[in-house]
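Okay, here's what each chain looks like letter by letter:
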Amino acid sequence: MRNYDPFVLPFMLGFLFLVVLIIYKFAQWLIRLNMREKVLFRHGMLSRKFLHAGNEVFMESLIHRKMFKANPLLGYMHMSLAFGWFLLIVLGNVESRLHTGAHLNMPYFPIFLKFFVTEKETIPFYGGFTNLMDFLLLMVLSGVFLALIKRMTSRIFGMRRTTNLKVGDKIALITLWLIFPLRLFAESLTAAQHHNGGFMTENVGQFLAAFLPTDQLSYPAWWLYSISLGAFFVAVPFSRYMHIPAEILLIYLRHFGIHSTKVYSSFSELEVYSCSRCGVCIDKCQLHTADIHFNTPTYFFRAIRERSLSGDLTDACLLCDRCTAACPVEINTTAIRIAKRATFSTSFKSDFSYLPANHTRRKADVAYFAGCMTHLTPAIRKAMIAILEHAKVKYHFIDEQGICCGRPLMMTGRLEEAQQLVRKNEALIKGSGARILLLSCPICLKAFREDYHLDIRIMHHSEYICELMDRQILQIPAGTQLFSFHDPCELGRGSGIFDQPRKILSEAGKLVKSKFEKENSFCCGGSLGHTSLSQAQRNIITQEVVNELTKNNPDSLVTACPLCKKTFTRWSEVPVKDIAEIVAEVISLGSTQSDREQNTNSLGIKVHEKQKRK
Amino acid sequence: MKKDKWGYGIHPDRQIDLDNANLSLLELVRQSEPSYNLCIACGSCAATCTAGNLTTISLRRINIYLQRGMIKELREEIRRCMLCGKCYLACPRGVNTRHVIIAIHEALKATGYEEL
Ligand code: SF4
Ligand code: SF4
Ligand code: SF4
Ligand code: SF4
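The numbering scheme is per chain: residues are counted from 1 as the chain's sequence reads. Here chains are named by letter from A upward and ligands by number from 1 upward, in the order in which they appear as written. Side-chain atom pairs in this predicted model are given and counted only at pLDDT of 80 or more, local residue features only at pLDDT of at least 70, and totals for whole chains, interfaces and linings cover all residues. As a convention, hydrogens and water are excluded, and side-chain values are obtained from all of the structure's heavy atoms.

Digging into the overall build of chain A
Line of reasoning, step 1. A run of DSSP states H or I qualifies as a helix once it reaches four residues; a run of E qualifies as a strand once it reaches two. Both are numbered from the N-terminal end. In terms of regular secondary structure, chain A is built from 28 helices and eight strands.
Line of reasoning, step 2. Seen along its three principal axes, the alpha-carbon backbone of chain A occupies a region of about 105 × 50 × 45 Å.
Line of reasoning, step 3. Each residue's exposure class comes from its accessible area (1.4 Å probe, protein chains only) as a fraction of the maximum for that residue type: buried when under 20%, exposed when over 50%, partly exposed otherwise. Considering chain A as a whole, with its 614 residues, one finds that 60% of them fall into the buried category.
Line of reasoning, step 4. A separation of at least 24 residues holds for 73% of the contacts in chain A among residues at least 6 apart in sequence.
Line of reasoning, step 5. For chain A, the accessible surface area stands at approximately 26300 Å², while carbon and sulfur atoms represent 60% of it.
Line of reasoning, step 6. Counted as positive: Lys and Arg. Counted as negative: Asp and Glu. His and the chain ends are not counted at all. Charge positions come from single atoms, namely NZ of Lys, CZ of Arg, CG of Asp or CD of Glu. Separation between the mean location of the 71 positive side-chain charges and that of the 52 negative ones in chain A comes to 4 Å. It only takes one pair of heavy atoms within 4.5 Å for two residues to be counted as in contact. Throughout, the Shrake-Rupley method with a 1.4 Å probe supplies accessible areas, and for residues the shown protein chains are the sole cover considered.

Looking at the sheet that holds strand E3 (residues 436-439) of chain A
All names here are of chain A.
Line of reasoning, step 1. Here a strand pair is declared whenever DSSP counts at least two bridges between the two strands. Taken together, four strands build an open sheet; the order of strands is E2-E1-E3-E4 and the sheet is parallel. With partners counted over all chains shown, the strands left at the sheet margins are strand E2 (395-397) and strand E4 (457-460), one partner each. Averaged over all adjacent pairs, the angle separating strand axes in this sheet is 25°, with direction ignored.
Line of reasoning, step 2. Summarising the sheet, strand E1 (residues 366-369) and E3 pair through four bridges and their orientation is parallel. Axis geometry follows a simple rule: fit a line to the C-alpha atoms, using only the stretch in contact for helices, then measure angles between N-to-C directions, giving values from 0 to 180 degrees.

Quick look at helix H2 (residues 24-32) of chain B
Residue and element names in this part refer to chain B.
Line of reasoning, step 1. Buried residues of H2: Leu25, Leu26 and Val29, and no others. Down the axis, H2 shows its buried residues gathered within 100° of arc, on one side only.
Line of reasoning, step 2. Those residues of H2 that are buried lie in contact with helix H4 (59-68), helix H5 (71-78) and helix H7 (97-111). The arc under discussion is defined with respect to the helix axis, by the directions toward the C-beta atoms.

A few points about the pattern of salt bridges
Residues and elements named next belong to chain A.
Line of reasoning, step 1. Salt bridges are identified by distance alone: a Lys or Arg side-chain nitrogen within 4 Å of an Asp or Glu carboxyl oxygen. Enumeration according to the criterion identifies 26 salt bridges over all chains in this entry.
Line of reasoning, step 2. Where Glu585 meets Lys577, a salt bridge forms, and the shortest distance between an N and an O atom there is 3.4 Å.
Line of reasoning, step 3. For Glu585, a relative accessible area of 19% puts it in the buried group.
Line of reasoning, step 4. Residues participating in the shared-partner salt-bridge network are Glu60, Arg65, Lys66 and Glu330.

Quick look at the site of ligand 3
Line of reasoning, step 1. Close to ligand 3 lie Cys49, Thr50, Ala51, Cys81, Met82, Leu83, Cys84, Gly85, Lys86 and Cys87 of chain B, which account for all nearby residues.
Line of reasoning, step 2. Residues are grouped as follows: Ala, Val, Leu, Ile, Met, Phe, Trp, Tyr, Cys and Pro are nonpolar; Asp, Glu, Lys and Arg are charged; all remaining types, including Gly, are polar. Considering only residue class, the shell around ligand 3 consists of seven nonpolar, two polar and one charged. Whether a residue is near a molecule or strand depends on its heavy atoms: if one lies within 4 Å, it is near.

Points about the nonpolar core
Line of reasoning, step 1. Core analysis: the biggest nonpolar cluster contains 127 residues, and Ile387, Leu437 and Phe448 of chain A have the highest contact counts within it.
Line of reasoning, step 2. A total of seven residues in this core trace back to one element, the largest contributor, which is H7 of chain B.
Line of reasoning, step 3. In contact with Phe448 of chain A, not counting residues within four places along its chain, are Phe369, Cys405, Asn425, Ile429, Leu437, Leu439, Leu454 and Ile458 of chain A.
Line of reasoning, step 4. The definition of a nonpolar core used throughout is a set of buried Ala, Val, Leu, Ile, Met, Phe, Trp, Tyr and Cys residues joined through side-chain atoms within 4.5 Å. Residues Phe41, Ala172, Val272 and Tyr273 of chain A belong to the second largest nonpolar core, which totals 91 residues.

A few points about the sheet that holds strand E5 (residues 481-485) of chain A
All names here are of chain A.
Line of reasoning, step 1. The four strands lie next to each other as E6-E5-E7-E8, forming an open sheet whose pairing is parallel. Each having just a single partner strand, strand E6 (509-512) and strand E8 (576-578) make up the two edges of the open sheet. Along the sheet, successive strands turn relative to each other by an average axial angle of 40°, direction set aside.
Line of reasoning, step 2. Two strands pair when backbone bridges link them, and strand E7 (residues 556-559) and E8 are joined in this way by three bridges, in the parallel orientation. In the sheet register, Thr559 faces E8, and the bridge partner there is Asp578.
Line of reasoning, step 3. Lying on the sheet, helix H24 (residues 499-508) is in contact with E5, E6 and E7; it crosses E6 at an angle near 130°.

Overview of the side chain of Asn96 of chain B
Line of reasoning, step 1. Looking at where Asn96 of chain B falls in the secondary structure, it is placed in the loop between helix H6 (86-90) and H7.
Line of reasoning, step 2. Once residues within four sequence positions are removed from consideration, Asn96 of chain B is found in contact with Thr531, Ser532 and Leu533 of chain A together with Glu33, Ser35 and Tyr88 of chain B.

Observations regarding the domain arrangement of chain A
Residue and element names in this part refer to chain A.
Line of reasoning, step 1. For the domain bounds, the source is a domain assignment made automatically or taken from a database. Taken domain by domain, chain A consists of domain 1 (47-239), domain 2 (259-341), domain 3 (366-469) and domain 4 (472-586).
Line of reasoning, step 2. When each unit is reduced to the centre of its C-alpha atoms, the spacing between domain 3 and domain 4 is 20 Å.
Line of reasoning, step 3. Here the quantity called buried area is the accessible surface, traced with a 1.4 Å probe, that two parts lose on coming together, added over both. A combined buried area of about 2700 Å² lies between domain 3 and domain 4, and 76% of that area is made up of carbon and sulfur atoms.
Line of reasoning, step 4. The three residues of domain 3 that bury the most area against domain 4 are Ile380, Pro442 and Met469, which together make up 22% of that side's buried surface.
Line of reasoning, step 5. There are one salt bridge connecting domain 3 and domain 4.
Line of reasoning, step 6. Identification of polar contacts relies on pairs of N or O atoms within 3.5 Å, with a donor-acceptor requirement for protein atoms, meaning one able to donate a hydrogen and the other able to accept it, and with residues adjacent in sequence counted only if both atoms are side-chain atoms. Linking domain 3 with domain 4 are eight residue pairs in polar contact (both at pLDDT 80 or more), by the criterion used here.
Line of reasoning, step 7. At the level of secondary structure, the elements contributing two or more residues to the side of domain 3 that touches domain 4 comprise helix H18 (372-376), helix H19 (378-390), helix H20 (407-411), helix H22 (442-451) and helix H23 (461-470).
Line of reasoning, step 8. At seven residues, H23 tops the list of elements feeding residues into the side of domain 3 that touches domain 4.

In structure tokens:
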């Protein structure tokens, strides 16, 4: 029995190169974690979290559970390749150990077992093993076949667009696709000579023997198989396949409690490498409607890896999180986008010294912070105040002359400038002594929850109204109106509030279903996340969304964000209302007129109020 | 003539000579945000401004400073903006005001006028 042949060298060299490189990369990522993250890592390694993470690695990196959820065929394609190959390696190892009786064999030995072991008798249960191995190979080959079809026509995988590949990816892809057909070829040719194959390789071998000189071809075939493996391993670090090892480390670190922030860190870098360029995010992006392409995380992350990131590419995003919600690797694309914007944006050298130093310290249970956008849509503010008074809540309107929450600045990467506003607002809210901070704008909500240090409950008005209903403080009479609800990005995907608005609306009337709701809801097109998008481009996006959401002829298009409302109002034939307005209307209080009927700029507020007084 | 003697003085010269005005910033802003050219100086942006509630800032005036090359005044005023975006939603002409503000900051940096 032989156990070495020079043809294993390409495989071995590639394999060693890859192992060394992965160790180097992992060490680099781990060393660059900050102190807090390092402590989390050390604790995590010794806790149960380690086991949970292992379980998730199995489910995601091998079975690709989330990919299955996105599309079963796509899931099967990834699973058959990853899990099939993994099982081939495991079984091959078992088999080779049974054969040699040793605990450790050279890494190439199980891979090329059929070349080295041609006498069946030397391995127990040989028939079972070899048929199982053939089955697994068939499974992997079916995955390769599907991948080929996906490259040619991605539609059957539920994808309108698939990732555009560059050279490194192409080399890796071709070598990966070649590995398994070459394995089949080499094993079949050997089986034709030695009859050591399973149900597939044996028959393919017989078939090939009919017209090919199998004894001359089998040895070169093993060389080719080894070269394709080696070439693939060398290509991995320069291609998207680096996501395989990166994702494993990512899953462990996440389980240990490490998350991305608005500052680009070693962890962000790891997330970038974990992107498999699967392309699931591409179709999710509404910027295609505005004829902007190659901006999605797929390409954004690739540009980071290739160090060719531009300011324009970084800016080309609404920060709507549609892609994030769909990403099977759950990469926090928005945080990375903001972090990268910080490196491109010119400093504002902001001067906010004009902000008042002292705040009125009127005590109240609930501090109501309307926010800039709500001041621009006074009907929402009035409705909210009507509801608070109807429910006899002790509230304090803290931003009648208020300032911005800071999130619009943060979204452009200007974190320091935003901090000045954050500190001001923090002092204002703490001064009010309130237990609840009530907000009408989801953009503010997100900022207050993520970037402020406040020890009080921070609630959007949809949550608050829902709670008033639950505690029987607010009764909503059942109605017959038909509502279409639009989940604002920052409220739904951004803050995970999906059920409360639905609960309120189902009390007040009937809610129509949409394909584009909850995680899959649209961005209204008015997002502050994209600064250079033109009005014309925004209009195209908004019109598409309004058409989709009003196609069931609802009585009103309801949303829970002043910016969404403002954006829709220009284009919708159906009245657009905030959920607070609906509630205020049905409890027959407050203004029944929406902004739509008023003059919508802020000068209009006064006109409207005067009219009412007459 | 001395002011303390007579109780009045001559106003500083407020004439703006557009032939000598520094319009380099204006050109840069126009290039980077073409919708700037749509501005009709209506003042809706200034009327709705969040910062404008608390201090003197007016995007309409900033636009005028830019067109007259009054860089010092421009620089002082634009730093008070919070980038909240209210002005953008109020503008009847669809001027991408937030991007105009960013473009002005970028132009200040590119021309080396950002330092006081
Ligand atoms: S960001 Fe996520 S969804 Fe997009 S290509 Fe990468 S892994 Fe796929
Ligand atoms: S966050 Fe929204 S706009 Fe940005 S890339 Fe993702 S889907 Fe597109
Ligand atoms: S973005 Fe700036 S100029 Fe515009 S309204 Fe807000 S604070 Fe005022
Ligand atoms: S609202 Fe628009 S058109 Fe009017 S002054 Fe401001 S930028 Fe110009």
